[in-house]
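So the chains spell out like this:
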Amino acid sequence: MRHTAFRHLTAAILLAMTATAPAMAQSPVTDPGSATTPGPATNPGIQAAPQPVTAEALPAAEDAATEEMAIEEDAAMAATLPHDLSPIGMFMAADIVVKAVMTGLALASIATWTVWLVKSLELAAARRRVRRDLAMLDEARSLAEAVTGMDGQRGPAAALVRAAVAETRITREVTAGRPPASGAGPASGAGLESRVASRLARIEARAGRMIARGTGILATIGSTAPFVGLFGTVWGIMNSFIGISESQTTNLAVVAPGIAEALLATAIGLVAAIPAVIIYNIFARAITGYRAELADASAAVARLVSRDLDRGGIAVVPAQTIGG
């Protein structure tokens, strides 16, 4: 009996489980931990009413619109900005004043290197010639011998010898009362030496001025080029600020080209000034050495005059013997 009752109970449980299975399959599965709230019944034929815009949603919408407008403005500005930031491209896109500054500085740089080339050749030739003449003067034993050695030559040393000879001829004419080409005669030693020294000093000064011609432009370029470039930089930055105020934006893409063009003017100014200063200092030292060699040649001529006076007089050199 007990076994039969257990069998009937098991069959009843199985029958109940079979009856409830379709209903569980049709019902949605819900999370036991979440609370479900019944929603209002909706009719498929009736549209839901629009939800009202809350105060919290307004700032977010305004920010999104502002950001979109900024993106559109940046894209429009980027389409009009110059993309070539090479030195040539920046020069072509620069203001007319900045272009004029850059052009002037470029011409100044060309002038610097032209002066360097010309004066280097001139100084090398002049120093080589004066050294050769100085060696000849050191070997001469009299003024007449120096005149013979420099016959037909040109240059400061030859001019020194010619000046000494001319002064001795004038001195003989004044003191002796005879024509310069009439022969030898006594001459005042102290007065002659001072007059010859005066002539030699003037020739030295003139030769020094001639060899220094053209170097003054180097000093001018070296001292003014940085400030000229700075003027171009200030002008370019001023135009950049004006562009910022007109476009009402501080975007770096708007400001950078103008500032780059302005800084290019400063760079060109330094490129023109630095070599000019260096070359000027090199020439100043070379010219100082050249003037010292001229002073040595002048002293050699003065020694020849003094040596001839110690011998008892200076023979008059015929005019046709003195080189031109």
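Scroll up to find the structure.
I will try to describe carefully the structure that is included in this document. (Residues numbered from 1 in each chain as written. Predicted model: local features only at pLDDT ≥ 70, side-chain atom pairs only at ≥ 80, totals over all residues. Heavy atoms only, no water.)

Re the overall build of the protein
Here's step 1: Helices and strands together make up the secondary structure of the protein, namely 9 helices and 0 strands.
Here's step 2: Listed N to C, the secondary structure of the protein is α-α-α-α-α-α-α-α-α in terms of helices and strands.
Here's step 3: Sequence separation of 24 or more characterises 82% of the internal contacts of the protein that already satisfy a separation of 6 or more.
Here's step 4: Carbon and sulfur atoms make up 66% of the accessible area of the protein, which totals about 20,300 Å². (Helix = DSSP H or I, 4+ residues; strand = E, 2+ residues; numbered from the N terminus. Contact = heavy atoms within 4.5 Å. Areas by Shrake-Rupley, 256 points an atom, 1.4 Å probe, with all protein chains shown as cover.)

Quick notes on the packing of helix α4 (residues 96–139) against helix α8 (residues 216–247)
Here's step 1: Where α4 meets α8, the axes come as close as 10 Å, and the angle between the chain directions of the two elements is 160°. In terms of their interaxial angle, α4 and α8 are classed as roughly antiparallel. Note that α4 runs across α8; the crossing there is left-handed. Residues V97, V98, V101, L105, A108, A111, T112 and V115 of α4 form the contact with α8, whose own contacting residues are I217, L218, I221, A225, V228, G229, F231, G232, W235 and G236.
Here's step 2: Its residues assigned to classes, the contact of α4 with α8 comprises 14 nonpolar, 4 polar and no charged. (Axes fitted to C-alpha atoms, helices over the stretch in contact; angles between N-to-C directions. Parallel < 35°, antiparallel > 145°, perpendicular 65-115°, else oblique. Left-handed = near helix turned anticlockwise from the far one by under 90°. Nonpolar A, V, L, I, M, F, W, Y, C, P; charged D, E, K, R; others polar.)

Examining the nonpolar core
Here's step 1: Counting residues in each nonpolar core, the largest one holds 26 residues, and the members touching the most others are L137, L143, M150, V161, V301 and V305.
Here's step 2: Of all the secondary-structure elements, those providing two or more residues to this core are α4, α5 (143–149), α6 (156–176), α7 (189–211) and α9 (252–310).
Here's step 3: Once you skip the residues sitting within four places of it in the chain, L143 turns out to touch V161, A164, V165, V301, L304, V305 and D308.
Here's step 4: A207, L218, I279 and A286 belong to the second largest nonpolar core, which has 14 residues in total. (Core = buried A, V, L, I, M, F, W, Y, C linked by side-chain atoms within 4.5 Å. Buried < 20%, exposed > 50% of the residue type's maximum accessible area, 1.4 Å probe, protein only.)

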